[in-house]
Amino acid sequence: MSRRVWIAALSVGSLLHAAAPCAQGFVREAGPRRALSLDVPTPRCELWRGDIHGNDPTASITVRLCTEGARVTGTFAWSSDESGSDRRSLEGAWSADGAVLTARDTAMLEATPRHGWTLCTADSYALRRVSPDRLEGTYVSSRCNDRGNLAMVRVPDAPAKPAETASAPAAAVIPPAVLSTHHTRASAGCSASPGLGGASSSSWAVVGAVALCAAMARRRGDVKKAA
């Protein structure tokens with residue numbers, strides 16, 4: 001093999017070595033990452049308002065009930081111009097058919113009694129769902145020697161505000177000439193982006209160049225020998 005053929009072969013080897021990272025770029029391109037979904041149940045909370053009649057028949061109540069499965073947690077707020085106001089935490093559970101709620105106060109969070117009154121937590125609540133939006137029942141407080149009736153209606157959820165949709169920017173129009181130039185530059189620079197030149201087409205071009213160089217070298221050798 002002549003010296004020119006060796007030089008051509010070395011040049012082709014260098015081109016193949018330089019093109020290898022480009023080909024690897026197509027293979028190693030990572031796909032989009034999938035977000036991890038955590039299926040964690042969240043409590044469903046409802047607000048109820050009503051009246052309570054016991055030692056102080058003038059009191060009104062606002063109750064927040066958060067249900068998770070059958071378990072219930074929430075707060076109980078008492079308000080009266082006669083006896084004062086307080087806020088308590090409560091816990092309980094619904095019956096298997098979801099018709100009866102049994103609960104009790106767990107702590108007095110705030111208390112502002114008036115006119116010598118004493119505000120106490122309740123030992124028990126027994127509430128029956130008489131309609132989807134109404135609860136009726138009884139309560140007992142041993143400390144205050146108080147027992148009576150209460151009724152509550154569910155406060156409707158506030159309507160959700162319509163989401164503001166931002167206008168999407170218009171897509172940029174790229175002239176055909178720019179597209180053609182970008183395609184050429186990406187192929188020459190071994191871009192790892194899909195669709196901008198393939199490793200197989202570059203390899204066939206290199207093989208053709210090698211064959212052409214070898215043929216030209218043989219032809220020149222034959223001419224010299226004939227002369």
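What counts and what doesn't
Residues numbered from 1 in each chain as written. Predicted model: local features only at pLDDT ≥ 70, side-chain atom pairs only at ≥ 80, totals over all residues. Heavy atoms only, no water. Pairing = 2+ DSSP bridges. Helix = DSSP H or I, 4+ residues; strand = E, 2+ residues; numbered from the N terminus. Axes fitted to C-alpha atoms, helices over the stretch in contact; angles between N-to-C directions. Salt bridge = Lys/Arg side-chain N within 4 Å of Asp/Glu carboxyl O. Buried < 20%, exposed > 50% of the residue type's maximum accessible area, 1.4 Å probe, protein only.

Take the sheet that holds strand E6 (residues 124-131) next. Strand order in the closed barrel made by the eight strands is E1-E2-E3-E4-E5-E6-E7-E8, with antiparallel pairing throughout. This sheet shows a mean twist of 30° between the axes of neighbouring strands, independent of strand direction. Inspection of the sheet shows E6 paired to strand E7 (residues 134-141) by seven bridges, in the antiparallel sense. Counterpart to Ser131 in the pairing with E7 is Arg134.

What follows concerns the pattern of salt bridges. Applying the stated rule across the entire model yields seven salt bridges. When the shortest N-O distance is used, the salt bridge between Glu46 and Arg44 registers 2.6 Å. Exposure remark for Arg44: the relative accessible area of 49% places this residue in the partly exposed category. Across the pair Glu136 and Arg134 runs a salt bridge whose closest N-O atoms are separated by 2.7 Å. The network of salt bridges with common partners includes Asp86, Arg88 and Asp105.

Before going further, it helps to spend a moment on the pairing of strand E8 (residues 146-154). Across six bridges, the pairing between strand E1 (residues 44-53) and E8 is antiparallel. If you follow Gly50 over to E8, its bridge partner there is Met152. When E7 meets E8, the two strands line up antiparallel, connected through eight bridges. Bridging from a neighbouring strand, Thr138 pairs with Asn149 of E8. The antiparallel hairpin formed by E7 and E8 contains four residues in its connecting segment, where Asn145 sits at a positive phi of about 50°.

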